[in-house]
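Listed here are the chains, written in short residue letters.
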Amino acid sequence: MAASTSLHALSSIKLWSTGSFGLEKRTCHVNCVSVGRRCTNARNLGLVCASNSQSSVVEPVQLPGSPKSSTTPKKSSESALILIRHGESLWNEKNLFTGCVDVPLTPKGVEEAIEAGKRICNIPVDVIYTSSLIRAQMTAMLAMMQHRRKKVPIIVHNESERAHKWSQIYSEETKKQSIPVITAWQLNERMYGELQGLNKQETADRFGKEQVHEWRRSYDIPPPDGESLEMCAERAVAYFKDHIIPQLVAGKHVMIAAHGNSLRSIIMHLDKLTSQEVISLELSTGIPMLYIFKEGKFIRRGSPAGPSEAGVYAYTKNLAQYRQKLDGMIQ
Ligand SMILES: O=C(O)[C@H](O)COP(=O)(O)O
């Protein structure tokens, strides 16, 4: 392995922990009001806070082509965007660098995905995006099994004309009861290069904790022969802008099941984190995070704690109405 990447001093302060809400502020929990805003306590350190109980409205994200194109957000629409990192995989369990190696979930990962599904079971989902890796796809499917609307998630096969043709559905009613699942390699985990398959602890023992932390969390320093977060963002955020934002603009509710680093890059974009701030961003496996897309802006809503959490539904009329409808249909 060419361990040529230079050593940089890294902050040892971990701002985001992997608590039950997926993103949790440790060092300035009380004073923080939102993700993506600087915390009073941490301001001098240039740090970012996360709080799950309150929302933040981030600046409008540049819509594809906007203002040059005619893509205009529907003023009335409020779309849900759920981001979920896959549940624990067999290599997470073994503490191995996984990257683009296609490893399935452990039984615990299956449980996490089911639990995630319970948390979002009242939130509308019209289209699902996953990476091309099985751990993200399993997570999406297992989570959707818990949804109260009971639509069937169906993987869209467009890899060839034949695959497209042979997977057609010929009933409009059946189509209505389905949710398309679009798989995209661009949402894959960052390619971990020559670290793939290595044990994380042994790698830290060999190359030093700081070097390995830099490979894992820095923005622009790639692991040997692998992708930096910046390189991962180039494909993941581009895909998000080109394919997913137009769905939200059209009023569709979207779930993305992906990976620690592809989602870190998307969250960095949504919350406008700096390359320093993103170092502290950690995502737990199997914890859904909700954003509301409204009038061209992403409003971070943290992680829905469960189907009974009233607060989750209090903030948007559309979601509250959707839930009421489900309650009526299912009683
Ligand atoms: O690819 C991996 O090993 C993990 O899914 C993410 O690893 P990280 O926490 O080292 O980024």
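Just so you know, these numbers come straight off a predicted model, no measurement behind them.

The rules we used
- Residues numbered from 1 in each chain as written.
- Predicted model: local features only at pLDDT ≥ 70, side-chain atom pairs only at ≥ 80, totals over all residues.
- Heavy atoms only, no water.
- Phe/Tyr/Trp six-rings, centres within 6.5 Å; stacked < 30°, edge-to-face > 60°.
- Buried < 20%, exposed > 50% of the residue type's maximum accessible area, 1.4 Å probe, protein only.
- Helix = DSSP H or I, 4+ residues; strand = E, 2+ residues; numbered from the N terminus.
- Lys NZ or Arg CZ within 6 Å of the ring centre and 35° of its normal.
- Near = heavy atom within 4 Å.
- Polar contact = N/O pair within 3.5 Å; in protein donor to acceptor, adjacent residues only side chain to side chain.
- Areas by Shrake-Rupley, 256 points an atom, 1.4 Å probe, with all protein chains shown as cover.
- Nonpolar A, V, L, I, M, F, W, Y, C, P; charged D, E, K, R; others polar.
- UniProt positions renumbered as here; feature names shortened; annotations may be inferred.
- Contact = heavy atoms within 4.5 Å.

Quick look at the packing of aromatic side chains now. Taken as a whole, this structure holds 6 aromatic pairs when the rule is applied. Aromatic side chains F207 and W215 sit 5.3 Å apart centroid to centroid with 65° between the ring planes, which places their arrangement in the edge-to-face category. Residue class for W215 comes out buried when judged on its relative accessible area of 0%. Note on F240 and F298: the rings are 6.0 Å apart at their centroids and 45° apart in plane angle, and the pair reads as tilted. Here the residue F240 occupies a position in helix α8 (residues 229-249), and F298 occupies one in strand β10 (residues 297-300), the gap between them amounting to 58 residues. Look at F298 and you get buried, because its relative accessible area is 0%. Over the aromatic face of Y192 sits the side chain of R190, whose NZ or CZ is 4.7 Å from the ring centroid. When the ring centre of F97 is taken as origin, the NZ or CZ atom of K200, which lies over that ring, is 5.2 Å away.

This paragraph deals with the environment of K175. Among the structural elements, K175 can be located in helix α5 (residues 172-176). Expressed as a C-alpha distance, the spacing of K175 and K241, which sit 66 residues apart in the sequence, is 26 Å.

Another point: the site of the ligand. Lining the immediate surroundings of the ligand are R85, N92, L96, F97, T98, G99, E189, Y192, K200, R216, R217 and N261. One of the backbone nitrogen or oxygen atoms of G99 is found 2.7 Å away from an oxygen atom of the ligand. Contact distances for the ligand include 2.7 Å between an oxygen atom and a side-chain N or O atom of Y192. For the ligand, whose free accessible area comes to 310 Å², the fraction covered by protein is 96%. Residues that form the shell around the ligand fall into these classes: 3 nonpolar, 4 polar and 5 charged.

Bringing the UniProt feature "site: Transition state stabilizer" (unreviewed entry) in the chain into the picture now. Per the UniProt record, the feature "site: Transition state stabilizer" (unreviewed entry) sits at H259. Excluding residues within four positions of it along the chain, H259 makes contact with R85, H86, S131, L133, R135, A136, L187, N188, E189 and R264. Separated by 2.7 Å, the side chains of H259 and S131 make a polar contact.

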